[in-house]
Amino acid sequence: MAETVGPRLYGCCNCRNHVALHDDIISKAFQGRNGRAFLFSHAMNVSMGPKEDRNLMTGLHTVADVYCSDCREVLGWKYERAYEESQKYKEGKFILEKSKIVKENW
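All values reported here derive from a predicted model rather than from experimental measurement.

### Structural notes on the sheet that holds strand S1 (residues 9–12)
Ordered by their spatial adjacency, three strands build an open sheet running S2-S1-S9, and the pairing between neighbours is antiparallel. Every interior strand has two partners, whereas the edge strands, strand S2 (18–21) and strand S9 (101–104), have only one. Adjacent strand axes in the sheet meet at a mean angle of 35 degrees, parallel and antiparallel pairs treated alike. One ladder, built from three bridges, connects S1 with S2; its direction is antiparallel. What sits directly across from Gly11, in S2, is His18.

Structure, rendered in structure tokens:
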């Protein structure tokens, strides 16, 4: 009998709300506030905080914190604007910290 397998997902570390698809990972080589982070093309079941300018390792960016829509855990941030031309590819993308997400359906 074949086992039904859905997409590989990442969930909120606090409440397991599904927040991203494994297939939407662009890079695993990012740094978050608390260690390693992943860059995702999309996120789901999240809400955004206010936009603010932050001076990050790669220069000045306008970002908005990303929260789990169920429990409000801070999961990372969304890049709204990159001021350096070489960083423009990040615009509209999401950083989710590895310590804030858990694997689901693996």
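### Some thoughts on the UniProt feature "domain: Yippee" (unreviewed entry) in the protein chain
Those places that UniProt annotates as "domain: Yippee" (unreviewed entry) correspond, in this numbering, to residues 8–105. The annotated region residues 8–105 carries 0% helix and 61% strand content, and the separation between its end C-alpha atoms amounts to 5 Å.

Thresholds, definitions, all that
Residues numbered from 1 in each chain as written. Predicted model: local features only at pLDDT ≥ 70, side-chain atom pairs only at ≥ 80, totals over all residues. Heavy atoms only, no water. Pairing = 2+ DSSP bridges. Helix = DSSP H or I, 4+ residues; strand = E, 2+ residues; numbered from the N terminus. Axes fitted to C-alpha atoms, helices over the stretch in contact; angles between N-to-C directions. UniProt positions renumbered as here; feature names shortened; annotations may be inferred.

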